[in-house]
Amino acid sequence: MPGLDKAALKAGIKALTATLYTNTTDPAQAREDYAEGMANLLDAFVKSGDGKYQGGLMAGSVPVTAAPGTTVIKTV
């Protein structure tokens, strides 16, 4: 089961900061661009991994179930 893609996240952060250093004529816009870029990178990072279903989990008093035969859950 693959893990989260930390290398891609790191490369994305480097690319994002390099872009911001060259496009900083408007500090407010730079902050907005950075926040949007980081949100997109973190979203892609979280979605790069898979989860594994563990039997017996409960959500309150309701059992958490997976589709028959399914053990890997793709984060979308």
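Structure: above.
Examining the overall build of the chain
- Counting its regular elements, the chain contains two helices and four strands.
- The N-to-C order of helical and strand elements in the chain reads α-α-β-β-β-β.
- When the 76 residues of the chain are sorted by exposure, 12% land in the buried category.
- Taking the contacts inside the chain whose residues are at least 6 apart along the sequence as the reference set, 55% of them involve residues at least 24 apart.
- Accessible surface for the chain amounts to roughly 5,800 Å². Of this, 61% is attributable to carbon and sulfur atoms.

Description of helix 2 (residues 27-47)
- A rise of 1.5 Å per residue sets the reference length of helix 2, with its 21 residues, at 30 Å; its end C-alpha atoms lie 30 Å apart and thus fit the reference within 8%.
- Here helix 2 has its buried residues at Ala30, Gly37, Met38 and Phe45. Each buried residue of helix 2 sits inside an arc of 100 degrees when the element is viewed along its axis, so together they form one side.

What about the pattern of salt bridges?
- Enumeration over the complete set of coordinates arrives at one salt bridge.
- Asp43 is paired through a salt bridge with Lys47; the nearest N and O atoms lie 3.3 Å apart. With Asp43 and Lys47 both in helix 2 and four residues apart, this pair spans about one turn of that helix.
- For Asp43, a relative accessible area of 39% puts it in the partly exposed group.

Comments concerning the packing of helix 1 (residues 6-22) against helix 2
- As a packed pair, helix 1 and helix 2 sit with axes 10 Å apart at the nearest point and diverge in direction by 170 degrees. In terms of orientation, helix 1 lies roughly antiparallel with respect to helix 2. Every residue of helix 2 that contacts helix 1 at Lys6, Leu9, Gly12, Ile13, Leu16, Thr17 and Leu20 is listed here: Ala30, Asp33, Tyr34, Gly37, Met38, Leu41, Leu42 and Phe45.
- Along the lines of polarity and charge, the residues of the contact of helix 1 with helix 2 split into ten nonpolar, three polar and two charged.

Details of a negative patch on the surface
- Where like charges cluster on the molecular surface, the negative patch consists of Asp26, Glu32, Asp33 and Glu36.
- Position of Asp26 relative to the elements: it lies in the loop between helix 1 and helix 2.
- By relative accessible area, which is 39% here, Asp26 ends up partly exposed.

Reading guide: rules and limits
- Residues numbered from 1 in each chain as written.
- Predicted model: local features only at pLDDT ≥ 70, side-chain atom pairs only at ≥ 80, totals over all residues.
- Heavy atoms only, no water.
- Helix = DSSP H or I, 4+ residues; strand = E, 2+ residues; numbered from the N terminus.
- Buried < 20%, exposed > 50% of the residue type's maximum accessible area, 1.4 Å probe, protein only.
- Contact = heavy atoms within 4.5 Å.
- Areas by Shrake-Rupley, 256 points an atom, 1.4 Å probe, with all protein chains shown as cover.
- Expected span 1.5 Å × (residues − 1).
- Arc of directions from axis to C-beta.
- Salt bridge = Lys/Arg side-chain N within 4 Å of Asp/Glu carboxyl O.
- Axes fitted to C-alpha atoms, helices over the stretch in contact; angles between N-to-C directions.
- Parallel < 35°, antiparallel > 145°, perpendicular 65-115°, else oblique.
- Nonpolar A, V, L, I, M, F, W, Y, C, P; charged D, E, K, R; others polar.
- Patch = residues over 30% accessible without salt bridge, like charges linked within 9 Å, V, L, I, M, F, W, Y side chains within 5 Å.
- Lys, Arg positive; Asp, Glu negative; His and termini not counted.
- Charge placed at Lys NZ, Arg CZ, Asp CG, Glu CD.

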